[in-house]
2 protein chains.
Amino acid sequence: MSDNYHHGDLRRALIDAGIKIINESGEAALSLRKAAAMCSVSHAAPYAHFKDKDELMEAIKTHITEQFTSELSAAVKGSSDAESALVDMGRHYVAFFVRRPDYFKFLFGGQNITAHIRFDKEYENDYPPFVLLKETYLEYIQEGGYEKTPEEQETELLKLWASAHGLAAIACMSGVEVPFDWEDKISGDILIR
Amino acid sequence: MSDNYHHGDLRRALIDAGIKIINESGEAALSLRKAAAMCSVSHAAPYAHFKDKDELMEAIKTHITEQFTSELSAAVKGSSDAESALVDMGRHYVAFFVRRPDYFKFLFGGQNITAHIRFDKEYENDYPPFVLLKETYLEYIQEGGYEKTPEEQETELLKLWASAHGLAAIACMSGVEVPFDWEDKISGDILIR
DNA sequence: CCATCATCTTTACATTGTCAAGATACTTTG
DNA sequence: CAAAGTATCTTGACAATGTAAAGATGATGG
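Residues numbered from 1 in each chain as written. Chains lettered and ligands numbered in written order. Predicted model: local features only at pLDDT ≥ 70, side-chain atom pairs only at ≥ 80, totals over all residues. Heavy atoms only, no water.

### Quick word on the domain arrangement of chain A
Residues and elements named next belong to chain A.
- The domain boundaries assigned to chain A delineate domain 1 (10-51) and domain 2 (57-187).
- Across the domain 1 to domain 2 interface the summed buried area is about 890 Å²; carbon plus sulfur atoms make up 70%.
- A per-residue breakdown of the area domain 1 buries against domain 2 is headed by Ile19, Ile22 and Glu27, which together make up 51% of the total.
- Viewed at the interface, domain 2 and domain 1 are joined by zero salt bridges.
- At the junction of domain 1 with domain 2, the criterion picks out one residue pair in polar contact (both at pLDDT 80 or more).
- Here the side of domain 1 that touches domain 2 is composed, by residue class, of five nonpolar, three polar and three charged. (Domains from an automatic or database assignment. Buried area = accessible area lost by both parts, 1.4 Å probe. Salt bridge = Lys/Arg side-chain N within 4 Å of Asp/Glu carboxyl O. Polar contact = N/O pair within 3.5 Å; in protein donor to acceptor, adjacent residues only side chain to side chain. Nonpolar A, V, L, I, M, F, W, Y, C, P; charged D, E, K, R; others polar.)

### A look at the confidence of the model for chain A
Residues and elements named next belong to chain A.
- When pLDDT is averaged across chain A, the result is 82; 78% of the residues are at 70 or more.
- The least confident element of chain A is helix α8 (residues 182-191), whose mean pLDDT is 48; the most confident is helix α2 (residues 32-38), at 97.
- Confidence drops under pLDDT 50 across residues 185-193; counting only partners more than four residues distant or on other chains, this segment forms 25 contacts. (pLDDT = per-residue confidence, 0-100. Helix = DSSP H or I, 4+ residues; strand = E, 2+ residues; numbered from the N terminus. Contact = heavy atoms within 4.5 Å.)

### A look at the nonpolar core
- Judged by nonpolar contacts, the single largest core of 117 residues is most densely connected at Ile60 and Phe97 of chain A together with Ile60 and Phe97 of chain B.
- Beyond its immediate chain neighbours, meaning those up to four positions away, isoleucine 60 of chain B contacts Ile15, Gly18, Ile19, Ile22, Leu30 and Phe106 of chain B. (Core = buried A, V, L, I, M, F, W, Y, C linked by side-chain atoms within 4.5 Å. Buried < 20%, exposed > 50% of the residue type's maximum accessible area, 1.4 Å probe, protein only.)

### A closer look at the pattern of salt bridges
All names here are of chain A.
- This model, assessed by the stated rule, comprises eleven salt bridges over all chains.
- The salt bridge partner of arginine 12 is aspartate 16, with a shortest N-O separation of 3.1 Å. Highlighted residues: arginine 12 and aspartate 16, both in helix α1 (residues 10-25), separated by four residues, approximately one helical turn.
- Under the relative-accessibility criterion, aspartate 16 is labelled partly exposed at 34%.
- With a closest N to O distance of 4.0 Å, glutamate 71 and arginine 99 form a salt bridge. Highlighted residues: glutamate 71 in helix α3 (residues 53-77) and arginine 99 in helix α4 (residues 82-99), separated in sequence by 28 residues.

The following block contains the structure:
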């Protein structure tokens, strides 16, 4: 394989390059041409793998979301009971983004968030972190033997999610140096009580 | 005043044009040159009023935030007691953005949100909507004669804000046609209980 | 009236997204 | 295995955009 003609896995390399740019210089600095240059390919090479810049950004978002979900998943698995799993999950939800505010801005900032976060009244939502939250919540309900109508469950779930997500949003967009014990001090109280 | 040389109030006209572009075509379509064209001035004319594109966007954000704050303020004034004022405020907080999701994306989406939303551990925050929330909350505390430590107050305030803001974020970024009774059904339960 | 300043225009340039045409390697098929 | 086809990559081009520089135009104060 001639070394500089066919790149090994350009698609993956472009995603990595994009993530690196976002981490180092923020979303505004992300350009197709720069990512291509970092992979030592011509400026039009990305078009063999992505229809346009949006498609690269979608791929990056999917990648980050997988990382996010797997961290949440690990947090849940480490908990003894479902209630503490819920709290741990909220804690890690916020912590993940507090540690990487640029990820939050990139994931939920831009225009095309459609594919990554959904909630409608039919209660349908395949956003992986939400699916995980829902599962954990249902275990929590079952474990505690609580009697809740579907409406109550939906409301409570949304509340949990909105609290964590809103907290992350406020933290990531505040422009303030967030002290790292911030979430430890607060999220436990807020997310469940 | 020669009609097309010195524009009457170009600064204001550019802000209006920018808002119109955002409303009609989203933030991605906002360009200095397009805004200038809508004001029938040359593409470099905006530089007499704004240092760069960011400064125009900041001005637009400030303008929208003023509108937002004044709607919240009106909602609070229409309430009988402080507790219902709190609920009404939350309802309007969400409703304002559900009605104008592009505003939410623009205000809290981009990179440079620093000046528009702040929260740090010293409890300092001059973001006007938050100031209003804080005032209303303090009245609510006083009215009910509740005894709360500063820490409890800070936590509760942050919780109120995060709930409303997170709800708005989820609604505006869901890509789902949000039914308009959505906030009526939910926010009251979530924001205070 | 003149100098100064704010406002606006014209020109120019670099960056970027995107397209088109062609070259090169890999894959499939006859 | 050779021919045909496909995926991948290059080069070249273009339009949109942000921005800087230099100059023109009108207002304003001494």
